[in-house]
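Working through the structure, step by step
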Amino acid sequence: MASKKISAETILASPDAQNRPGLILGLMEGRAFWEAGAYFATYPLQRFLPQGDGHPVMVLPGFGSGDPATILLRTTLKKLGYQTYSWKAGLNMGNRPGLFKHLHNRIDTIIQKNGRKLSLVGWSLGGIMSRKLAFQNPEAIRSVITLGSPFYGADDSTNISALLSVTAKIRRRAVRKEPAPFKPWLNEPAIPVPFSSLYSRTDGVVTWKTCLEPDYPLRENIHVPSSHMAFGFNPLSLYVIADRLAQRDGAFTPFSPGPLLDLLLR
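Residues numbered from 1 in each chain as written. Predicted model: local features only at pLDDT ≥ 70, side-chain atom pairs only at ≥ 80, totals over all residues. Heavy atoms only, no water.

What about unusual backbone geometry?
Threshold: Secondary structure elements are taken from DSSP: a helix is a run of H or I of four residues or more, a strand is a run of E of two residues or more, and numbering for both begins at the N terminus. A 1.4 Å probe rolled over the protein chains alone gives each residue an accessible area, and that area as a share of the maximum for its type sets the label: buried under 20%, exposed over 50%, partly exposed in between.
In the Ramachandran plot, Lys88 falls in the positive-phi region, its phi being about 55 degrees despite a non-glycine side chain. Within the secondary structure layout, Lys88 lies in the loop between strand 2 (83-86) and helix 5 (99-114). Taking the relative accessible area as the measure of exposure, Lys88 reaches 54% and is therefore exposed. At Leu218, a position not held by glycine, the phi torsion is positive, near 70 degrees.

Right, here's the structure in full:
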């Protein structure tokens, strides 16, 4: 979890808060294959995860990916009893005309079908978008969980932005600036719904410090030792997601792992 001695605001203000993950962390993203293996190895144990109450959950993918990338996460949530939904907006290449109108319409459709507010689980850029949706329509959103989402990152604070810059140079085109994905779209001090930001200090794509939310009510930061590419199926990440989604509607208690799980999440 976030440091108990140093506030998120202090960490975000540190001189290296915007530094991209180094080469070693980038190479460590290859462990996502092992984390996928851990998902399937522990699949029979998922029945012991905190069970859901059947409310709808929509999952938003990260930058450059689409609904296929969230299949394992949605499969687990469905197994736990949730009504799960994909975002049905193709590849997530950032904000584009009509995208948020589509997402709000989809949210309205899901609510009408289920008669209940829905939770949003967003991976990386999908988490930034989920957070924005909650601010725009808090009456429809039950909770938001984000996975490695760099809310407070500058345009060049991720390895994805670095890769795009190199690609643009190779193609002899002007380096384009990424729109909203890596900028703090929303800095309001009071998010209107329970909000949990999962981050990893060994994230090889985004710098973990930019994923931290300031210490305000209804917000929490939870450390999960996961690669960025495996946030949606890392077994520890799935436990935390299941625990957060299992909270009663309208209730919020900060995540509190037991002694053993606390050791695993460090």
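Still more ground to cover, so stick around.
Points about the sheet that holds strand 3 (residues 118-123)
Our working definition: By definition, two strands form a pair when at least two bridges between them are found by DSSP. All axes here are fitted lines through C-alpha atoms, helices being fitted over the stretch that makes contact, and every angle between N-to-C directions spans 0 to 180 degrees.
Read from one edge of the open sheet, six strands run 2-1-3-4-5-6, paired in parallel fashion. Pairing within the sheet leaves two strands with one partner each, and these edge strands are strand 2 and strand 6 (219-223). Across the sheet, the mean angle from the axis of one strand to that of its neighbour is 20 degrees, orientation sign disregarded. Here strand 1 (residues 56-60) pairs with strand 3 via four bridges, running parallel.

Side note on the nonpolar core
The test is simple: To form a nonpolar core, buried Ala, Val, Leu, Ile, Met, Phe, Trp, Tyr and Cys residues must be joined to one another through side-chain atoms within 4.5 Å. What makes two residues a contact is simply this: any of their non-hydrogen atoms within 4.5 Å.
Ranked by size, the top nonpolar core spans 28 residues in total, and within it Leu73, Leu77, Val121, Leu147, Leu198, Ile241 and Leu245 carry the most contacts. Of all elements in the fold, only helix 3 (32-41), strand 1, helix 4 (71-79), strand 3, strand 4 (141-147) and helix 8 (235-245) reach the threshold of two or more residues within this core. In terms of residues, this core owes the most to one element, helix 8, which gives five residues. Setting aside anything within four residues of it in sequence, one finds Leu77 in contact with Val57, Val59, Tyr82, Thr84, Ile241 and Leu245. By size, the runner-up hydrophobic cluster in this structure holds 26 residues, among which are Phe63, Ala89, Leu99 and Val193.

Brief notes about helix 5
What counts, and what does not: An expected span of 1.5 Å times one less than the residue number is assigned to each helix. The arc in question is traced by the directions running from the helix axis to the C-beta atoms.
Between its first and last C-alpha atoms helix 5 spans 23 Å; for 16 residues at 1.5 Å apiece the expected length is 22 Å, and the two agree. Taken together, the buried positions of helix 5 are occupied by Leu99, Phe100, Leu103, His104, Arg106, Ile107 and Ile110. Along helix 5, the residues classed as buried sweep out an arc of 160 degrees about the axis, all on the same side. Relative to its buried face, helix 5 has exposed residues pointing more than 90 degrees away, namely Lys101, Gln112 and Lys113. As for helix 5, its buried residues are in contact with strand 1, strand 2, strand 3, helix 6 (125-136) and strand 4.

Focus on the pattern of salt bridges
Cut-off, in case you're wondering: Take a side-chain nitrogen of Lys or Arg and a carboxyl oxygen of Asp or Glu: if they are within 4 Å of each other, that pair is a salt bridge.
Going through the model one piece at a time under the given rule, you end up with eight salt bridges. Taking the shortest distance from any N to any O, the salt bridge between Asp53 and Arg116 comes out at 3.2 Å. On the criterion of sequence distance, the pair formed by Asp53 in the loop between helix 3 and strand 1 and Arg116 in the loop between helix 5 and strand 3 is long-range, its members being 63 residues apart. When its relative accessible area of 31% is taken as the criterion, Arg116 is described as partly exposed. A salt bridge links Asp243 to Arg244, with the shortest nitrogen-to-oxygen separation between them at 2.8 Å. In this pair, the class of Asp243 matches that of Arg244, namely buried.

Points about the pairing of strand 3
Of all six residues in strand 3, six are buried; the element is thus mostly enclosed. Side-chain alternation along strand 3 places Leu118, Leu120 and Gly122 on one buried face and Ser119, Val121 and Trp123 on a second face that is also buried. Where strand 3 meets strand 4, six bridges bridge the pair, whose relative direction is parallel. When the bridges of strand 4 are listed, Leu118 appears paired with Ile141.

Overview of the confidence of the model for the protein chain
Counted only if it meets this: Each residue gets a pLDDT score, which is the predictor's confidence in that residue and runs from 0 to 100.
In the predicted model, the protein chain carries a mean pLDDT of 86, and the fraction of residues at 70 or more is 84%. Predicted confidence is poor over residues 162-186, with pLDDT under 50, and the contacts of this stretch with residues over four places away or in other chains come to 39 contacts.

What to know about the packing of aromatic side chains
The test is simple: Aromatic contacts are taken between Phe, Tyr and Trp rings whose centres are within 6.5 Å, Trp giving its six-membered ring; a plane angle under 30 degrees counts as stacked, one over 60 as edge-to-face, and the others as tilted. Whether a charge sits over a ring comes down to the Lys NZ or Arg CZ being within 6 Å of the ring centre and within 35 degrees of the ring normal.
Applying the stated criterion across every chain yields a total of six aromatic pairs. Their ring planes at 90 degrees and their centres at 5.1 Å tell us that Tyr39 and Phe40 sit as a pair that is edge-to-face. Relative accessible area serves as the criterion here: at 2%, Tyr39 is assigned to the buried category. A connected cluster of aromatic rings, assembled from ring pairs, spans Tyr39, Phe40 and Tyr43. A cation over a ring is seen here: Arg131 above Phe195, with NZ or CZ 5.9 Å from the ring centre. Across the ring face of Phe100, the terminal group of Lys132 is positioned such that the distance to the ring centre comes to 4.6 Å.

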